[in-house]
Structure formats: C-alpha cells, structure tokens
Amino acid sequence: MTEPAIAVDAVSKAFPLPEARMRTVREAVLHPWRSGAPSRLQVLDAISFEVGRGETLGIMGRNGSGKSTLLKLLAGIYRPDSGRIAVGGPVTPILELGVGWSQDLDAVDNILLLGTLMGLPLAEAQAAIPEILAFASLERFARVPLKHYSSGMAVRLAYSVAFRAARDILLLDEVFAVGDVGFRSRCEERFRSLRRSGRTMIVVSHDPRTIRDFCDRALVIDAGRIQREGDPAGVVERYLELVAQAPQAAGASA
Amino acid sequence: MATDRPGEFSPEQVAKLEADLAYRVREVETLNADVAELTAALATRAREIEKLNADVAELTTALAARGAEVAELDASVAELKRALATRSHEVTDLARVVDARTRQAAELERAIFAASPAPESTVAPTGTPANAAAVRSAPTPLAAAPRLDYLGAAWTLVRTDFRIRYHGTLGGFLWALAKPVAMIGVLASVFSWLFAATPDYRLNLLVGIVLWDFFAEGSRTGMLSLLAKAHLIGKTAFPRWLLVVTSLATPLLTLAVFTGGLLAVLALAGRLPGPGPLAAFFGAQLALLSIVLGLAFATSVVVLRYRDLNQVWDVVLQAGFFLAPVVYPLSAVPESLRPWLMLWPPTAVLEYARAAAVGARVPEFATAGPLLAMVLLSLGAGIALYRRHAPAAAEYL
C-alpha cells in the first residue's frame, strides 16, 4: 500500500468566540489591561483518519459539528491548532459556493478570477469559458453582473468552475443539494467520471442517498470527534440516530 | 234576426259562440304546446353551446400542453447538447489518464528491462516486483497538476480591481485622476501666493502631491486588500500575498500617469533632469513603492483583527498630509524640528525626489541613507508581520 492521498493525524481546531475577541483599535486603546483570554469553541478534537488514493470518503454530521471546518483545514484555508495533515497532491475545494462572488463583475470575469486562483492557467481558463457556462446553462447571462443572479444561478456557476478546475483531490461540500434536476444529474455525471478517472474525493453531505450511492467509505463527526467510521450504510444509520437524539441542539451553522 | 235584443242571444248564436270559444281554447293550447316545444329546443341548443364551449376550452388546454411539451423537448435537446459537451470533456480527461498510464507502463517496462540483465549486481531478486507494484499504484498524474499560474492569476486580479474601481472604462479612470489634478490646481493657486518667495514652489508642489497621492491611495487599498477579497480567501487556498501585491496596481497606474505628466511639465519648462538625477527620482519612487508595500503587508493582516484600523489610518493620513512638506517647503520649518519630520517616511521620500527632479542633482548619501533604512524597516517588519498572521487570515474573516 502506498502512502494515502490524505492523512489526518490527531488534528484539533478551536475558534475564539467572536464576542470574546477584541476587534477594534478603540477597544485596545481604551482597555489595554483587558487581555483577551477568550473563551474558545473546540470544533475538532484530535481527529485522525486516512483516505486512500482514488477513494471516495463521505463525511456526515449535524450542523455545527465541524465538517466544513475539517474541509477548510484539508484545503489549507485554515491551519490546525495541533496535529498534522498530509495531503499528497493538489487539492480543489468546492465549498461555500452560494456566496463569494465579485458582485459587480459578470460571469466571465468571475470565471477567470476564480478559475485562475483555483489553479487553472489563464489561457486554459479563457478557453474553458463556453464549456463552463454551458455546464451551468448560463450562456444567456454571461455578461450579467453576479449581483443580479439568483442564488441558484450563482451556485451553479461555482460548481461549473470548480468541476472544470478539478485537480487530484476534490473536497465537496453538499454537492448534490443544489440546482434543478437537470443540473443535479449533470453534476452527478461529472462526479462519477471524476471518480472513474482516479481522483480522491471527500464528500460532505446530510443526504443519506449521496453517502450510500457515491462513497466507498464514510465517517460521522459529532462534538468534534469521529463517532463512527466504516461502510456508508452503518455510518448513515449512526448519523440518523444522532439527529434523532438531539434535534433541538442543532444550532450553529455548518 | 230582427227580433234581436241587446243582451239576449239566440240559441244558435250561443252555440256558435261556444264553438268559437272551444276553437279558441284549442288554439291557445296548441300555441302553449308550441311554446313548450320551443323552450325545450332552446334549452337543448343552450346545452349544445355549453358543450361546444367546453370542447373549445379543452382544445385550448391541449394546445397549451403541446406547446409546453415542445418547450420541454427543446430544453431536453439543449440538455443533451450540454451533456455531449461534458462527455467530450470527460473523454479528454480519460485520454489523459490513458496517456499517463501508458507512460507508466513504458517506464515500468524500461525499469524491468534495466533491472533484469544484472539481477545479482544492482537489484535484489525481490526488488523488481516490489518496485513494479510501487510504480503501478503510484499516483496517476492527472491533469499534470500545474503549479499556480502566478502571472495569469495576478493579471486577472489587477484586471478585476481595475474593473471594479473604474467600471472597466477609460472614462472611469480619467475621473479618478481628476481628484489629484483639482488638488494641484487649488493648492498651486492658493499657496504659491503664500510662498511666493520660495523658488520652484509650484514644481515642488507638483512632485509632492503626485507622490503623496500614491502614498495615501496605496496604503489605503493595500490595507484593505485581504478584507476586500475575503470571499476568495474562504474559497480556495492560494498565496494570499498575490492579493496584497496586486492591490497596488491601480494606484501605481495613477502614479505612472502623473509621473508622465510631471516629466512633460519639466520638459516644457526646459528643466528635464539628466539621466543621473532622473534615475535618482525613479529610485525615490521605488523606495516609496517599497515602503507602501511593506505597510500594505503589515496592515492587511492587522486590519483583520482590528477592523477600525482603516478609520484610524484615515486620521493619520489627514494629519500626515500636513506633517509632510507637501504644501510647504521644509525650509519653512525651524531647523531643529526638521530631523523629527524626516521620521515620517513621505517626508524623506519627498525631499529626495524633489532634489532629484526639481533640483536636477543626485542627492548625497546623507539623504539616501535614512530613506534606505525606512525601506528596509518597512519591508522587513511588514513581511515578518504578514508571514506571522497571514496563515490565520481566513479565520478572522
């Protein structure tokens, strides 16, 4: 067995709670003695797992259980407080897709911006514009600034760019939860073909069908720890148990 | 009938009248029957009309449904076309995999051939299969995983900034130049009267405002460079310093345009400095750029923690405009205060640049020394602060 595509070793991550953090120069000057010994929220607590090359791993968990934080750590957007993450190849994260466009720019400019930052060479990004617009069925709105897009349109565009820029390792957050039926089936098609071509994937989803149908293996996170890891069906079961246990506790967003 | 009397009817008359009455009654009955018949017929007709109306309505809906079906079919045709495009992309993808696999196979073959002629000397007998297994399960180099296209990404970022700030038009850019131009006009007319005795006051003012404008604009946009692109930082990992560096492109473009204008003014006045002083002038600009870049690196991460830093900086800039000798000559300040004023970086840059561009001489090292120290301090501290805090940038957004 060669080294895994992703190895996560005892990774922890906590965030200072926003109200405990000194946020302005004014406060820092007015209360220099009030040191911020902030209360921290432990989001991930010594998590370890591995993903083999070409494997698809599903991750489940209630809202606020740390799934998205985990993906951002894997993508290199966040740094772990402790522990080690080894990633054996370039990563394409597909996260936070509804938000985060340059609202005043049109689709073409946004494709170029996001595409190049996701690792597409500029020339390739330019050549791929028609294909990306077609995949999102947004050809008619190519020159419309993103602020006039519906949220569904914006998400479709983001998927199209990310799927086109996909590199060795893909991180997908709620991948099939958006768009109309046609778009979703196109996404599923693309997902399957990427899987066939040997990419390593991590899929975060609340949808049992997605986890059962698309993943080789899965794990469920709760309270910052892995509650169960193994075959998708068992993980889905555990997840549904967790959801049933404390439906009222699902407060924070994912 | 002569016997007739009024009020009296003969029996014949009565009989006739009775017969007449009976006839009339029958007639009325017939008419009634006719009316009934006609009413019934009318009702039937009405029902028929209703039925026809219903038929028409049904046909209309059917027509609409067909129209919808046609539209749906059109949509699915479009869908299939797109699917075809996706498939062709997949085919390219798979072709790449096949290509990579073929290359691996060839390499493997070569490795085996290279190993087998001398099994006892270099490769242990068990080495070859193990090696082969390793090669087989080695990561497939998909899409050749290129490094980030730095130039392409930088160009896209600069283009984005330009589009957002100036609506992507030359007109928008020209409007942005209007503010410093107006400032030069006003200050030149007001203060040259005050400093009438100072030689070359207007030229010095021009140099001062051009450089000050870059300092103010550059430090403002540099500070907000990460914050303004927060949406990109949360989405994917890429070197964030690209955002800081490229944010200075639009202020730099303004500086270039004004420098061109300044040189034109000097040339018209027959005062274009020689190559030595000109190089010194550009050296001063480079120093200013480095100082602003260092400031941008430092403040871009600090503002993430202290969100009101940009308001604080606006106040500093307001005061700094008068702290630096932009509108007044440094000679107007008492000798003892001058070294203190030199600690404010724009002052040092301005004095050096003016000596070169307006004084047409290469300033002595005594002025260049502090400037160089400021450049090194700003870049060093800025980059150090940035390196320390930038990796956590996403967590503060």
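Residues numbered from 1 in each chain as written. Chains lettered and ligands numbered in written order. Predicted model: local features only at pLDDT ≥ 70, side-chain atom pairs only at ≥ 80, totals over all residues. Heavy atoms only, no water.

In this structure, what is going on with the overall build of chain B? I would like to understand it.
For chain B, the helix and strand inventory stands at 14 helices and zero strands. Long-range contacts, defined here as pairs at least 24 residues apart, represent 77% of the contacts in chain B between residues at least 6 apart. For chain B, the computed accessible surface area is about 23,000 Å², with 69% contributed by carbon and sulfur atoms. (Helix = DSSP H or I, 4+ residues; strand = E, 2+ residues; numbered from the N terminus. Contact = heavy atoms within 4.5 Å. Areas by Shrake-Rupley, 256 points an atom, 1.4 Å probe, with all protein chains shown as cover.)

Could you clarify how one ought to interpret the sheet that holds strand β2 (residues 40-51) of chain A in this entry?
Pairing between the strands of a sheet is mediated by backbone hydrogen bonds and can be parallel or antiparallel. Residue and element names in this part refer to chain A. Judged by pairing direction, the sheet is antiparallel, and its three strands sit side by side in the order β2-β1-β4 without closing on themselves. A strand with exactly one partner marks an edge of an open sheet, and here the two such strands are β2 and β4 (82-87). Between one strand axis and the next, the sheet turns through 25 degrees on average, direction left out of account. Bridge count between strand β1 (residues 6-16) and β2: eight bridges; the pairing is antiparallel. Within β2, the position partnered with phenylalanine 15 by the bridge is leucine 41. (Pairing = 2+ DSSP bridges. Axes fitted to C-alpha atoms, helices over the stretch in contact; angles between N-to-C directions.)

I'm lost on the interface of chain B and chain A in this one. Help?
Frequently, the measure chosen for interface size is the accessible area that the parts lose on association. Between chain B and chain A, the residue contacts involve 49 residues of the former and 59 residues of the latter. Both faces combined, the contact of chain B with chain A buries some 4,600 Å², and carbon together with sulfur accounts for 57% of it. One can count eight salt bridges joining chain B with chain A. Between arginine 190 of chain A and aspartate 93 of chain B there is a salt bridge; the shortest N-O distance is 3.9 Å. Applying the counting rule to chain B against chain A returns ten residue pairs in polar contact (both at pLDDT 80 or more). Elements represented by at least two residues in the side of chain B that touches chain A include exactly α1 (11-115), α3 (150-166), α7 (230-233), α10 (275-305) and α11 (309-323) of chain B. (Buried area = accessible area lost by both parts, 1.4 Å probe. Salt bridge = Lys/Arg side-chain N within 4 Å of Asp/Glu carboxyl O. Polar contact = N/O pair within 3.5 Å; in protein donor to acceptor, adjacent residues only side chain to side chain.)

Before we go on, may I ask you to explain unusual backbone geometry in this structure?
If a residue is not glycine, its phi is most likely negative; likewise, a peptide bond is most likely trans. Residues and elements named next belong to chain A. At alanine 10, a position not held by glycine, the phi torsion is positive, near 50 degrees. Along the polypeptide, alanine 10 turns up in strand β1. Since its relative accessible area comes to 32%, alanine 10 is described here as partly exposed. Even without being glycine, alanine 223 reaches a positive phi, approximately 50 degrees. (Buried < 20%, exposed > 50% of the residue type's maximum accessible area, 1.4 Å probe, protein only.)

Hey, could you run me through the confidence of the model for chain A in this one?
Caution applies to low-pLDDT regions: their predicted coordinates should not be interpreted in detail. Residues and elements named next belong to chain A. When pLDDT is averaged across chain A, the result is 86; 89% of the residues are at 70 or more. Per-element mean pLDDT across chain A ranges from 77 in helix α1 (residues 25-30) up to 95 in strand β3 (residues 56-60). Every residue in residues 249-254 is under pLDDT 50, and counting partners more than four places away or in other chains gives eight contacts. (pLDDT = per-residue confidence, 0-100.)

Is there a simple way to explain the sheet that holds strand β9 (residues 225-230) of chain A in this structure?
Residue and element names in this part refer to chain A. Reading across the sheet, the six strands line up as β5-β6-β7-β3-β8-β9 and stay open at both edges, with mixed pairing between neighbours. Across the chains shown, the open sheet's two edge strands, defined by having one partner strand only, are β5 (91-94) and β9. When the angles between neighbouring strand axes are averaged without regard to direction, this sheet yields 15 degrees. Strand direction decides the pairing type here: strand β8 (residues 217-222) and β9, joined by five bridges, are antiparallel. Following the sheet pairing, leucine 219 is matched in β9 by glutamate 229.

Please explain the pattern of salt bridges as it appears in this structure.
A side chain of one charge can pair with a side chain of the opposite charge when the charged atoms of the two come close. According to the stated counting rule, one finds 38 salt bridges over all chains in the structure shown. The closest approach of N and O atoms between aspartate 222 of chain A and arginine 62 of chain A, which form a salt bridge, is 3.0 Å. Linking aspartate 222 of chain A in strand β8 with arginine 62 of chain A in the loop between β3 and α2 (67-75), this pair joins segments that are 160 residues apart in sequence. For the pair aspartate 222 of chain A and arginine 62 of chain A, a shared accessibility class is recorded, and that class is buried. The partner of glutamate 217 of chain B in a salt bridge is arginine 165 of chain B, and the shortest N-O contact between them spans 3.5 Å. Separated by 52 residues along the polypeptide, glutamate 217 of chain B in helix α5 (residues 201-223) and arginine 165 of chain B in helix α3 bring together distant segments of the chain. The network of salt bridges with common partners includes Glu188, Glu189, Arg192, Arg196, Arg209 and Asp213 of chain A together with Arg87 and Glu90 of chain B.

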